[in-house]
Every structure is written in C-alpha cells, then in structure tokens.
Amino acid sequence: MLNLQILPQPLTVCKVDGLEGFSMSGLYFIGSTDAELSLVCETDRTPADTLAREDGWRAFRVVGTLDFSLTGILSRIATVLADEKIGIFAVSTYDTDYILVKRENLDRAAGALKRAGYGIG
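Summarised in this report is the structure supplied together with it. (Residues numbered from 1 in each chain as written. Predicted model: local features only at pLDDT ≥ 70, side-chain atom pairs only at ≥ 80, totals over all residues. Heavy atoms only, no water.)

### What about the overall build of the protein chain?
Quick note on the threshold: A helix here means a DSSP run of H or I that spans at least four residues, while a strand means a run of E at least two residues long, and both kinds are numbered starting from the N terminus. Throughout, radius of gyration means the C-alpha value; the globule benchmark is 2.2 Å times the number of residues raised to the power 0.38.
Across its full length, the protein chain holds two helices and eight strands. Starting at the N terminus, the α and β elements of the protein chain follow one another as β-β-β-β-β-α-β-β-α-β. Radius of gyration (C-alpha) of the protein chain: 15 Å, near the 14 Å computed for a compact globule of 121 residues. With the C-alpha coordinates of the protein chain rotated into their principal frame, the extents come out at 40 × 35 × 25 Å.

As structure tokens, then:
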C-alpha cells in the first residue's frame, strides 16, 4: 500500500472573484472554469474578499511521485473514507494526489486508512 503524509497546515476551500492580492506562495490549488474560480489555500493566506468559503480542512498527501499509468489510487482512498461516512475534497498535481477531510474527521480518517493498510505519517 501507499504512504500518506498528514500536512500540518489548516486549509480553506473558497470561491473567489479573482486572485488580485493573493500571494501565490505556500500550499494552494486553483481551479477555473467558465462558471467559477475556486481556490484551496492555507487558511491564514485566504483572501479577505471571498464569495464563499469553508474553513477547517486538513490534507493527506500521497507520498512519492505517481505515474500516470497507475489507476485506482484516489478511488481506493475515497472508498475507505466513504465507508466511514467521511466526505472528501480531492485535488491533484502533476506528481501526486491530495485528499482533504474536515478537521474533525482527521483522526478517524487516519485510523480508517491505517486499518486499510496505508502508512500514515
């Protein structure tokens, strides 16, 4: 199984009108469509003028670089957490996946993933 790292910083998921004034440093993800501009960032770096925001997220990072030919990694993690009734917000980079859970579910999520054979660090 894979190893997952719990990231220390609290995260916020928000909808923004633009990114003016947002400092693109630290951990952040931007998603843009014709309907919205979404931002996931460290809570203490969240822009003051969000259209909507939800604080209280924590992240697991899949450790290592994932080859694009690998399949089912995110699906298996999501299934373990869904079986525990833990909702997720997932984002990916070129190299790996990040699975966000609400802060109050972090310990329960870590326990479920350990029982499923994932290394948690």
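### A look at the pattern of salt bridges
Spelled out, the test is: Think of a salt bridge as a Lys or Arg side-chain nitrogen and an Asp or Glu carboxyl oxygen that are within 4 Å of each other. The rule is simple: take the accessible area with a 1.4 Å probe, protein chains only, and divide by the maximum for that residue type; under 20% is buried, over 50% is exposed, in between is partly exposed.
Using the criterion set out here, one finds four salt bridges in the structure. Close ionic contact of Asp55 with Arg53 constitutes a salt bridge, the shortest N to O distance being 2.9 Å. For Arg53, a relative accessible area of 39% puts it in the partly exposed group. Note that Lys102 and Glu54 form a salt bridge whose closest N and O atoms lie 3.0 Å from each other. With Lys102 in strand 7 (residues 97–102) and Glu54 in strand 5 (residues 52–62), the pair connects residues that are 48 residues apart, well separated along the chain. Judged by its relative accessible area of 16%, Lys102 is buried.

That's the geometry; what it means functionally is another story.
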